[in-house]
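Structural features, examined
This is what each chain is made of:
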Amino acid sequence: MSRFDPEDLFKRLAQSRFRSRFHLDDQARLYLESRGLDAVMGHGAAFIAERLAPAHPPRDGKQTPMRGHPVFIAQHATGACCRSCLSKWHGMGPGKPLTPEQQEQILLVLRCWIERDFGASIPGSPAQGALF
């Protein structure tokens, strides 16, 4: 099996006026800088597992806020916000739980989008012993 390359998806998303209007706001950028990309993607893995991976997620179509966390913004920008959008943009049909591989693919897309939109090097994680 070939490794997933999100470039085709990003080209298709660029044609969507709705999807291309999403960008990281100042709050999301500060969150990334203070927590680090690795921690934010850890949150993303939990969001995907809890809110998208079940075959029939609770409140499907309304489970992803439009703001408040960098991953939420990235989910809307990449069509990974609900099972309907996952079906349309990622070919991951509804009614079946997402496999671990599908969840990893979504996380890769989210990470790539966040890195692109941030536009600079994002710290991986805060320094050891840093106080929050």
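We now turn to the structure provided with this report.

What counts as what
Residues numbered from 1 in each chain as written. Predicted model: local features only at pLDDT ≥ 70, side-chain atom pairs only at ≥ 80, totals over all residues. Heavy atoms only, no water. Helix = DSSP H or I, 4+ residues; strand = E, 2+ residues; numbered from the N terminus. Rg over C-alpha atoms; globule rule 2.2 N^0.38 Å. Buried < 20%, exposed > 50% of the residue type's maximum accessible area, 1.4 Å probe, protein only. Contact = heavy atoms within 4.5 Å. Areas by Shrake-Rupley, 256 points an atom, 1.4 Å probe, with all protein chains shown as cover. Lys, Arg positive; Asp, Glu negative; His and termini not counted. Charge placed at Lys NZ, Arg CZ, Asp CG, Glu CD. Salt bridge = Lys/Arg side-chain N within 4 Å of Asp/Glu carboxyl O.

1. So, the overall build of the protein chain
In terms of helices and strands, the protein chain carries 6 helices and 0 strands. Counting from the amino terminus, the protein chain carries its helices and strands in the arrangement α-α-α-α-α-α. For 132 residues, the compact-globule estimate of 2.2 N^0.38 gives 14 Å, and the protein chain sits close to it at 15 Å. Here the C-alpha coordinates of the protein chain stretch approximately 45 × 35 × 30 Å along the principal axes. Looking at the protein chain as a whole, 42% of its 132 residues qualify as buried. Within the protein chain, contacts between residues at least 6 apart in sequence are counted, and of these 68% link residues at least 24 apart. Of the accessible surface of the protein chain, which amounts to about 7600 Å², a share of 53% is contributed by carbon and sulfur atoms. Counting 17 positive and 13 negative side-chain charges, the protein chain places the centres of these two groups 8 Å from one another.

2. Comments concerning the pattern of salt bridges
This structure, assessed with the given rule, holds 4 salt bridges. Between D8 and R12 there is a salt bridge, with its nearest N and O atoms 3.5 Å apart. One end of the pair, D8, and the other, R12, are both in helix α1 (residues 7-14), 4 residues apart, so they sit about a helical turn from each other. The partly exposed category is assigned to R12, whose relative accessible area is 33%. In this structure, the salt-bridge partner of R111 is E115, at a minimum N-O distance of 3.5 Å. With a gap of 4 residues between them, R111 and E115 both fall in helix α6 (residues 100-118), about one helical turn apart. Classification of E115 as partly exposed rests on a relative accessible area of 36%.

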